[in-house]
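# Examination of the molecular architecture
Read off the chains here:
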Amino acid sequence: MIRYALACAKGHSFESWFQSSAAYDKQAKQKLVTCPVCGTAKVEKEIMSPRLAGARRRDEMPATPSSAPSDPTNQTAPVAMMAPQERELRKKLKELREHLTKNADYVGPKFSEEARKMHYGEIDHRSIYGEASPEDAKKLHEEGVEFHPLPVLPDDRN
């Protein structure tokens, strides 16, 4: 599963999960990806900063920001009722996050620097997590550095 930050032609920002990058591309081409605010199918991906997991204990991790709408005048938020399949997927995403946070090194704001060093063979590869700005994440992606955002669910409040 992959989560994308999306924006429509009218400037509404939202997020959505897809089975894979190819699944997003296929759905977008068929105009199945639409803005939940205005319904337009003119939707593009936005740059997302990575949220990667690591070795810090769960109670040491920084608080996850809420997924409040980006429009301050909009008093609504996306909601869903989940079927058993979605509840199982949610459980697996939480398990993945917990595994990553228990087994990787937290490098904080040095994530881009450390990831780049590993990519270019300057230091040994290891599992890390930290923070990166959208600009740094874009540069890492352009350099071919493989990284993934941490699964973050609405009730992930530390």
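The rules we used
Residues numbered from 1 in each chain as written. Predicted model: local features only at pLDDT ≥ 70, side-chain atom pairs only at ≥ 80, totals over all residues. Heavy atoms only, no water. Pairing = 2+ DSSP bridges. Helix = DSSP H or I, 4+ residues; strand = E, 2+ residues; numbered from the N terminus. pLDDT = per-residue confidence, 0-100. Contact = heavy atoms within 4.5 Å. Buried < 20%, exposed > 50% of the residue type's maximum accessible area, 1.4 Å probe, protein only. Polar contact = N/O pair within 3.5 Å; in protein donor to acceptor, adjacent residues only side chain to side chain. Axes fitted to C-alpha atoms, helices over the stretch in contact; angles between N-to-C directions.

With that out of the way, let us pick up the pairing of strand β2 (residues 13–18). Pairing geometry for strand β1 (residues 2–8) and β2, over six bridges, is antiparallel. Note on β2: the bridge partner recorded for I2 is F18. Where β1 hands over to β2, the hairpin turn is made up of four residues, of which G11 adopts a positive phi near 90°.

Let us look at the confidence of the model for the protein chain. Here the protein chain shows a mean pLDDT of 79. Residues at 70 or above account for 78%. Contacts of residues 55–69 to residues separated by more than four positions or lying in other chains number 36 contacts, the stretch itself having pLDDT below 50.

In this section: the side chain of R3. Within the secondary structure, R3 is located in strand β1. Residue classification places R3 among the buried residues on the basis of a relative accessible area of 10%. A polar side-chain atom of R3 sits 3.4 Å from a polar atom in the side chain of E15.

In spatial order, the strands read β2-β1-β3; together these three strands make up an open sheet with antiparallel pairing. Only two strands of the sheet have a single partner each, and these edge strands are β2 and β3 (43–45). If you compare each strand with its neighbour and ignore which way they point, the axes differ by 40° on average. Two strands pair when backbone bridges link them, and β1 and β3 are joined in this way by three bridges, in the antiparallel orientation.

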